[in-house]
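Tertiary structure, described
Now for the letters of each chain:
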Amino acid sequence: MSVNVQIPAGYVPVYTRPRSLSEARFTYCPGCHHGIITRLVAEAIDELGIQERTVGVAPVGCAVFLYEFFRCDFAQAAHGRACAVATGIKRANPELIVFTYQGDGDLAAIGTAETVHAANRGENITVIFVNNQVYGMTGGEMAPTTLPGMRTVTTPEGRDVRATGYPLRMSEMLAQLDGPAYITRQAVFDVRHVQMAQKAIIKAFQNQLEGKGFSLVEIVAACPTNLHLPPAEANRWVVEQALKYFPLGDLKVRD
Amino acid sequence: MPKGLVIIDKERCKGCGLCVAACPFGVLAVTSELNRYGYNVAKATAPEKCTGCAMCAQMCPDAAIEVYRMAPAKEGV
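Description of the structure in this document.

Cut-offs used in this document
The numbering scheme is per chain: residues are counted from 1 as the chain's sequence reads. Working convention: letters from A go to chains and numbers from 1 go to ligands, in the order in which they are written. Only residues with pLDDT of at least 70 are given local features in this predicted model, and only at 80 or more are side-chain atom pairs given and counted; all residues enter the totals for whole chains, interfaces and linings. Comment: elements are numbered from the N terminus, with helices defined as DSSP H or I runs of at least four residues and strands as E runs of at least two. Counting other C-beta atoms within 10 Å of a residue's own tells you its class, since 20 or more makes it buried, 12 or fewer makes it exposed, and anything in between is partly exposed; those C-beta atoms are placed from the backbone. Computation of the radius of gyration draws on C-alpha atoms, with the globule rule given as 2.2 Å multiplied by the number of residues to the power 0.38. With C-beta atoms placed from the backbone, a contact is any residue pair whose C-beta atoms sit within 7 Å. Axes, fitted as lines to C-alpha atoms, cover a helix only where it is in contact. Angles between the N-to-C directions of the axes lie from 0 to 180 degrees. Roughly parallel means an angle under 35 degrees; roughly antiparallel, over 145; roughly perpendicular, 65 to 115; everything else is oblique. Side-chain classes are defined by residue name, with Ala, Val, Leu, Ile, Met, Phe, Trp, Tyr, Cys and Pro counting as nonpolar, Asp, Glu, Lys and Arg as charged, and the others, Gly among them, as polar. Expected span of a helix: the number of residues minus one, times 1.5 Å. At least two bridges found by DSSP between two strands is the condition for calling them paired. Only buried residues count toward a nonpolar core: Ala, Val, Leu, Ile, Met, Phe, Trp, Tyr and Cys, linked into one set through C-beta atoms within 7 Å.

Describing the overall build of chain B
Looking only at helices and strands, chain B has two helices and four strands in total. Judged by the C-alpha coordinates and their principal axes, chain B covers about 50 × 20 × 20 Å. Within chain B, buried positions represent 49% of all 77 residues.

Quick word on the overall build of chain A
A tally of regular secondary structure across chain A gives 10 helices and eight strands. Computed over C-alpha atoms, the radius of gyration of chain A comes to 18 Å, within 12% of the 18 Å expected from 2.2 N^0.38 for 255 residues, which places it in the range of a compact globule. Structurally, chain A occupies a C-alpha span of about 60 × 45 × 30 Å along its principal axes. Counting all 255 residues of chain A, 50% fall into the buried class. Nonlocal contacts in chain A, meaning residues at least 24 apart in sequence, comprise 67% of its contacts between residues at least 6 apart.

Thoughts on the packing of helix α3 (residues 82-92) of chain A against helix α5 (residues 112-121) of chain A
All names here are of chain A. It is at 7 Å that the axes of α3 and α5 come closest, and there the two elements cross at 40 degrees. It follows that α3 is oblique to α5 by the angle criterion. Note on element contacts: α5 touches α3 through E114, T115 and A118, opposite C83, A84 and T87. Partitioning the contact of α3 with α5 into residue classes produces three nonpolar, two polar and one charged.

A word on helix α8 (residues 191-209) of chain A
Residue and element names in this part refer to chain A. Between its terminal C-alpha atoms α8 stretches 27 Å, which fits the 27 Å expected from 19 residues at 1.5 Å a residue. The complete set of buried residues in α8 reads V191, V194, A197, Q198, A200, I201, A204, F205, N207 and Q208. Phi turns positive, to about 75 degrees, at G211, one or two residues after α8.

Digging into the interface of chain B and chain A
Contacts between the two partners involve 29 residues from chain B, matched on the other side by 29 residues from chain A. Taken together, the elements giving at least two residues each to the side of chain B that touches chain A come down to β1 (4-8), α1 (18-22), α2 (55-59) and β4 (65-70) of chain B. In terms of residues, the side of chain B that touches chain A owes the most to one element, β4(B), which gives five residues. Bridging between strand β1 (residues 11-15) of chain A and β4(B) involves four bridges; their strand directions are antiparallel. Bridge pairing links A:Y11 to B:M70 in β4(B).

Digging into the pairing of strand β3 (residues 40-44) of chain B
Residues and elements named next belong to chain B. Examined bridge by bridge, strand β2 (residues 28-34) and β3 share four bridges and lie antiparallel to one another. Looking at the pairing, L28 lines up with A44 of β3. Here β2 folds back onto β3, and the loop between the two strands holds five residues, one of which, G38, carries a positive phi near 90 degrees.

A word on the environment of A:C83
Residues and elements named next belong to chain A. When you line up the elements, C83 lands in helix α3. When the 28 C-beta atoms within 10 Å are taken as the criterion, C83 is described as buried. Each C-alpha atom, one on C83 and one on T126, is 9.1 Å from the other, the two residues being 43 residues apart in sequence. Excluding residues that lie within four positions of it along the chain, C83 makes contacts with T100, G111, E114, T115, A118 and V127.

A few points about the sheet that holds β1(A)
Strand order in the open sheet made by the three strands is β1(A)-β4(B)-β1(B), with antiparallel pairing throughout. The open sheet has two free edges, formed respectively by β1 of chain A together with β1 of chain B, since each of these has just one partner strand. Strand-to-strand twist in this sheet, taken as the mean axis angle between neighbours without regard to direction, amounts to 30 degrees.

Comments concerning unusual backbone geometry
All names here are of chain B. Notably, A54 is not glycine yet its phi reads approximately 70 degrees, a positive angle. Examined against the element boundaries, A54 turns out to sit in the loop between β3 and α2. The exposure class assigned to A54 is buried, which follows from the 23 C-beta atoms found within 10 Å. Positive phi, normally seen in glycine, also occurs at A63, with a value near 45 degrees. Relative to the helices and strands, A63 resides in the loop between α2 and β4.

A closer look at the nonpolar core
In this structure, A:I128, A:I201, A:I219, B:C19, B:C56 and B:M59 are the most contacted members of the largest nonpolar core, which totals 98 residues. Once residues within four sequence positions are removed from consideration, A:I201 is found in contact with A:L40, A:V41, A:A44, A:I128 and A:V217.

Some words on α3(A)
Within the sequence span of α3(A), burial applies to A:A82, A:C83, A:V85, A:A86, A:T87 and A:K90. Structurally, α3(A) contributes buried residues whose contacts are with β2 (54-58), β3 (73-76), β4 (97-103), α4 (104-110), α5 and β5 (126-131) of chain A.

Here we look at the environment of B:D62
Mapped onto the secondary structure, B:D62 falls in the loop between α2 and β4. In this structure the C-alpha to C-alpha distance between B:D62 and B:R12, which are 50 residues apart in sequence, comes to 6.4 Å.

Quick word on the sheet that holds β5(A)
Residue and element names in this part refer to chain A. Taken in spatial order, the seven strands line up as β3-β2-β4-β5-β7-β6-β8 in an open sheet, and their pairing is mixed. In the strand order of this sheet, the two ends are held by β3 and β8 (249-253), each with one partner. On average, each strand axis in the sheet is tilted by 20 degrees relative to the strand beside it, whichever way the strands run. Pairing between β5 and strand β7 (residues 215-220): six bridges, direction parallel.

Below, the structure written as structure tokens:
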């Protein structure tokens, strides 16, 4: 931690910054759920003690600077191709622990084919899918996961399903396949759900260590900036709006 | 001495207030103090109420919070 504070005698640490995170400041907006999820991934890497042999694949989107935030090796994939890049890394070096971290514009739009086929092949990789229902980095355009009637800069009257179709439920879609070992949907709008999401992320990495195959953790997140809401209200929006369309829970667990 | 101790890295804090909403004891508040990036930073304005539950740290999107707790006194001391 960059802050130099003398901890008084008698105090023991309860929570400290994960070792797998670098000293870089996150480039996310205030209150962005990406920050929580990035931290949870770092905690999972610490928990399993796999920092030395972990390789991440950074997406295009708000998390594009992921390689700056982690103290582990990283590759930067072309937009949407993180699962394909991860497949290559994992097949060439099976001893490495490979994860991708992708948003909904990356994984569910331009990268749908790569994601579906990596899942269908049951590649032994871990995928963290941050579904915030919008293209955050480019200014808040409609994503495939944008809710019906939701206002974005490209759907100023609200998403019209007759013109643009319905939100894509990627996790349900992938759970239909025989390939994946673990598909779950979590959220991080309060402490209890943060803890549940953390357990899911650790399980997804654990599956890879055990060679079980493709594990995907979808996290329904809020983008306070593009929702034009203060962070605490954006969390309420997740509960009241997003979770109606994206119900939480395990969709596929292969023992 | 309070049971818990919360330390916020001022330069990482972006003043989103999620820690303030998560704290069950009202220890934290977003203050008018600015950091070098121009964000209003969160501070422990009522540190004596802190129990060291670390709920603030688990919500912080910038990993800016560290939490310490008074170690239980050893038996026979």
